[in-house]
Amino acid sequence: MTQMMTKMTGAETTGTWAALDDHGVVPALGGLIDGTGMWRPGALGAIERTGRFLTGTWDPPGPEGEDGPGIAGEGSWVRFIGRIGAVALRAAAPSTRPERRERLLALLEMWAKSPFADPGARVRTGTVVTERLSVRDGRGAAVSVGWSRAGRRTFVDLRRGDADPPGLGEIEEVAEVPRGWGSAEQLRRLTSLVRERGPMPWDPQAVALLCEGTGMGHAAASLALAGLLERSYVPFLDEHEREVLRLKVAEAEDGASELARLTALQRLELLAEVLPEDPAELWEPDGMRGVAERIAEAWRALRGRRVVVPARTLNAVVGLQLLRLSAADFCAAFTNPAAEPGLSAPLDTWIKNSEYGPLVTDAQWDIVRFEDRLHTVVPHLGWVYAELPAGDPVREGLPGLVRLLLERLDHPGLLLRAGNPAAGSGRTVADLHDRFGFRPYAGPERLDVASIDDGLTVVTDGAVDRKGHQPPPKLYFRPAFYGDDERSRTLAAATSGFHRQDLPLVEWLRGPACARIVERVESAALPAGAYESNPAASAPEVVARVAGTLGVEEDAAALYLQLLALPAPTDRNVRTWNGWQAPRHQKAAGVLVERGLVAEDKRPRAGRKVFLPGEWIHAKKPYQPMEAWKAELIGLRRSYNRRLENPLPLPTRTLPELFAHAWALVEKGQGPA
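Residues numbered from 1 in each chain as written. Predicted model: local features only at pLDDT ≥ 70, side-chain atom pairs only at ≥ 80, totals over all residues. Heavy atoms only, no water.

> Could you give me a rundown of the overall build of the protein chain, with the residues and numbers involved?
Check the secondary structure of the protein chain and you find 29 helices and 17 strands. Dimensions of the protein chain, computed from the C-alpha atoms along their principal axes, are close to 95 × 70 × 40 Å. When each of the 673 residues of the protein chain is scored for burial, the buried share is 53%. Long-range contacts, defined as pairs at least 24 residues apart, comprise 68% of the intrachain contacts of the protein chain with a sequence gap of at least 6. Counting every atom, the protein chain has about 29,700 Å² of accessible surface; 51% of that belongs to carbon and sulfur. Mean positive and mean negative side-chain charge positions of the protein chain (82 and 88 charges, respectively) differ by 3 Å. (Helix = DSSP H or I, 4+ residues; strand = E, 2+ residues; numbered from the N terminus. Buried < 20%, exposed > 50% of the residue type's maximum accessible area, 1.4 Å probe, protein only. Contact = heavy atoms within 4.5 Å. Areas by Shrake-Rupley, 256 points an atom, 1.4 Å probe, with all protein chains shown as cover. Lys, Arg positive; Asp, Glu negative; His and termini not counted. Charge placed at Lys NZ, Arg CZ, Asp CG, Glu CD.)

So this is what it looks like as structure tokens:
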């Protein structure tokens, strides 16, 4: 063990951390510690005193020295031992806010003087049954570093000789701490370099290297390289941080969502060994690229490697502003669905009691991940099919994902949500006996409320709350048994309207429109790089018929079909789908204006300059404004205020079919007017 520091009393405090030891420590360490609400001013001082108590250079006050050095937070800081490199990366990153960098550097300087940075120190951590705070004798010392939970505490101890150190009580778990990057010399050198040279320079090439090595999204890779692995404070990134990382607000939020499943310990382990042996290499031209390579290696060991998705595809998915999945998680559901949480194996679920009433569960909560993918992926299957080019790995994965979802839905052990009974169907389970019978649900756990189970449908009463209010019953169903029989028709009738939750998704996945979309993708009818939203590529015979009837060139005919049938034929989208430059687009639009088929105008959030005749329906984000004729064509309902405040419906036709149908209406005199 290195030479011990000069013995100090509890009243003496040294180091730059003394002036910085306040609430700012929590956001500085956000995502690397747990229980942030338990961290109070004095945390760094408590960590420092713990190290000095272990080495015998600090004596606690109080009778018989039982007060101990104090508890920092809830004790999760002991995970830094052997993993302090994660803190060091964040301290050196150029995106770290100055006030947070000062606290991180102070922590590293203090850590360098502690036994935790001594590779020769024999340190252990674990759980002990005790109410004692500290103990020390000639064999070593032990300190409680966490608050008591049912008489158990987290502890850290240090052994001086061959014998075990003194114990605080009965040890339930104990392990030697890992030893990795972060010796006293490395920490002192890094903090000195940061103070002398400023933070390490940012390297966009390192971000690209990390994306390529892992399949991570650009934003998530940027956050990992900066040591920012959790959305742990608001605002998540300020303007300076986003500028350094070259991220927009939506991109940063999406990247944080991609990394959200990592625990604090996993974040530490991911970044613990990524800094170079000599910290000075971080300031070399390729210094961050070495960090990226080491993060990639650690990421693959932890999470595996995903298919690398084109940046244009990932950016387009970010633009969808998905609520349940990050853009990278969404893409991975298509590129390798069998490896994704909730999809990797059949799910056996059951209904259990909870504080808020019955809910569906499984052994590892994979039902939540399955539902996240079901409710995010299925409503956007039409978007993937229509707005990604042929050959894109996400689009090419659509058929395989649909087949896997259908397999999972055919598993008899899966229960999904069917929502609440439609208005007039009944307010309690007793009101529904005539529809679903009298047999109660029999699961692994006896329910606290009344229930019915007819083999397909499970109905449960809602739990009465503290005010005596009882919500309406909840309906669940086994999709494996949902089909064309009397039980299924009874369930469908009982959940009509807006109360159907998972039922419409299951029906559409098993329906003819989905099957034809899958067939269309698998047919390879489009050349690589072509878009289904371009009728010249996907429906050339319809374009030829339009051009011949109207007496216009095919460019104008194709644009007219897009304006007729597609919900968002913005100028940017049309030029992307058709591979046009602005002059070609403007020429085609001008022909349609001259013929009186469309009108030029400026309308909020339209993203285009030409419109079909007739009523225009406004909409606020995230909904798409459009012509009333088109909304009716695609089956989009207006809200109560006559605006478009509903998501786009699931498609009922392939795009070639939709283009043909729209033109057929025009030919019959039923077009927009």
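> I'd like a rundown of the pairing of strand β5 (residues 140–144), residues and numbers included.
Burial analysis of β5 places 5 of its 5 residues in the buried class, which makes it a mostly covered element. Neither face of β5 is left uncovered, since the one carrying Gly 140, Ala 142 and Ser 144 and the one carrying Ala 141 and Val 143 both have all their residues buried. Alignment of strand β4 (residues 134–137) against β5, held across 4 bridges, turns out to be antiparallel. When the bridges of β5 are listed, Arg 136 appears paired with Ala 141. Hairpin remark: β4 followed by β5, antiparallel, with 2 residues in the connecting loop. Direction of pairing for β5 relative to strand β6 (residues 152–159): antiparallel, over a ladder of 5 bridges. Counterpart to Val 143 in the pairing with β6 is Val 156. (Pairing = 2+ DSSP bridges.)

> Explain the nonpolar core to me, and be specific about the residues and the numbers.
Most often, soluble globular proteins have nonpolar side chains that are buried together. In terms of nonpolar packing, the biggest core is built from 97 residues, with Phe 370 and Leu 509 touching the most fellow members. Broken down by element, the residue count for this core peaks at 9 residues, all from helix α25 (residues 554–565). When residues no more than four places from it in sequence are discounted, the contact partners of Leu 509 are Leu 374, Val 378, Leu 381, Val 402, Leu 405, Leu 406, Leu 409 and Cys 514. Of all hydrophobic cores here, the second largest spans 89 residues; its members include Phe 53, Ala 88, Ala 224 and Leu 225. (Core = buried A, V, L, I, M, F, W, Y, C linked by side-chain atoms within 4.5 Å.)

> Quick one: what's the story with helix α15 (residues 366–377), residue by residue and with numbers?
Its 12 residues place the ends of α15 16 Å apart at the C-alpha level, agreeing with the 16 Å of an ideal helix rising 1.5 Å per residue. The element α15 is largely enclosed, with a buried count of 9 among its 12 residues. Every buried residue of α15 is accounted for by Asp 366, Ile 367, Phe 370, Glu 371, Asp 372, Arg 373, Leu 374, Thr 376 and Val 377. Elements that come into contact with the buried residues of α15 comprise α14 (327–335), β9 (359–361), α16 (381–387), α18 (398–409), β10 (416–419) and α21 (503–509). (Expected span 1.5 Å × (residues − 1).)

> Give a description of the pattern of salt bridges that names residues and reports values.
This structure, assessed with the given rule, holds 39 salt bridges. Between Asp 453 and Arg 478 there is a salt bridge, with its nearest N and O atoms 2.9 Å apart. Here Asp 453 is found in strand β11 (residues 451–453), whereas its partner Arg 478 is found in the loop between β13 (474–477) and α20 (486–494), with 25 residues between them in sequence. The class for Asp 453 is buried, based on a relative accessible area of 8%. Sharing partners across several salt bridges, the network here consists of Arg 306, Asp 329, Glu 340 and Arg 373. (Salt bridge = Lys/Arg side-chain N within 4 Å of Asp/Glu carboxyl O.)

> Outline helix α26 (residues 571–578), listing residues and values.
Among all positions of α26, only Asp 571, Asn 573, Val 574, Trp 577 and Asn 578 are buried. Here the buried residues of α26 occupy an arc of 165 degrees about the axis, which is enough to place them on one side. Contact partners of the buried residues in α26: α16, α25 and α27 (582–594). Two residues or fewer past α26, Gly 579 is found with a positive phi of approximately 70 degrees. (Arc of directions from axis to C-beta.)

> Tell me about the packing of helix α8 (residues 218–225) against helix α10 (residues 249–258), and name the residues and values.
Remark: α8 packs on α10, axes separated minimally by 7 Å, with the N-to-C direction vectors making an angle of 75 degrees. Put simply, α8 runs roughly perpendicular to α10. Contact with α8, carried on its side by Ala 219, Ala 220 and Leu 223, involves Glu 251, Ala 252, Gly 255, Ala 256 and Glu 258 of α10 and no other residues of that element. For the contact of α8 with α10, a count of residues per class yields 5 nonpolar, 1 polar and 2 charged. (Axes fitted to C-alpha atoms, helices over the stretch in contact; angles between N-to-C directions. Parallel < 35°, antiparallel > 145°, perpendicular 65-115°, else oblique. Nonpolar A, V, L, I, M, F, W, Y, C, P; charged D, E, K, R; others polar.)

> Describe the sheet that holds strand β3 (residues 122–129), and please don't skip the residues or the numbers.
Taken together, the 5 strands give an open sheet; going across it, the order is β4-β5-β6-β3-β7, and neighbouring strands pair in antiparallel fashion. The sheet is open, and its two borders are formed by β4 and β7 (170–176), each paired with just one other strand. Between one strand axis and the next, the sheet turns through 20 degrees on average, direction left out of account. The strands touched by helix α3 (residues 43–55) within the sheet are β4, β5 and β6, with β5 carrying the most contacts at an inclination of about 155 degrees.

> Tell me about the sheet that holds β11, and name the residues and values.
Taken in spatial order, the 4 strands make up an open sheet running β10-β13-β12-β11, and their pairing is antiparallel. Strands with a single pairing partner mark the edges of an open sheet, and in this sheet they are β10 and β11. With direction set aside, neighbouring strand axes in the sheet form an average angle of 25 degrees. When β10 meets β13, the two strands line up antiparallel, connected through 3 bridges. Paired with Arg 417 across the bridge in β13 is Tyr 476.

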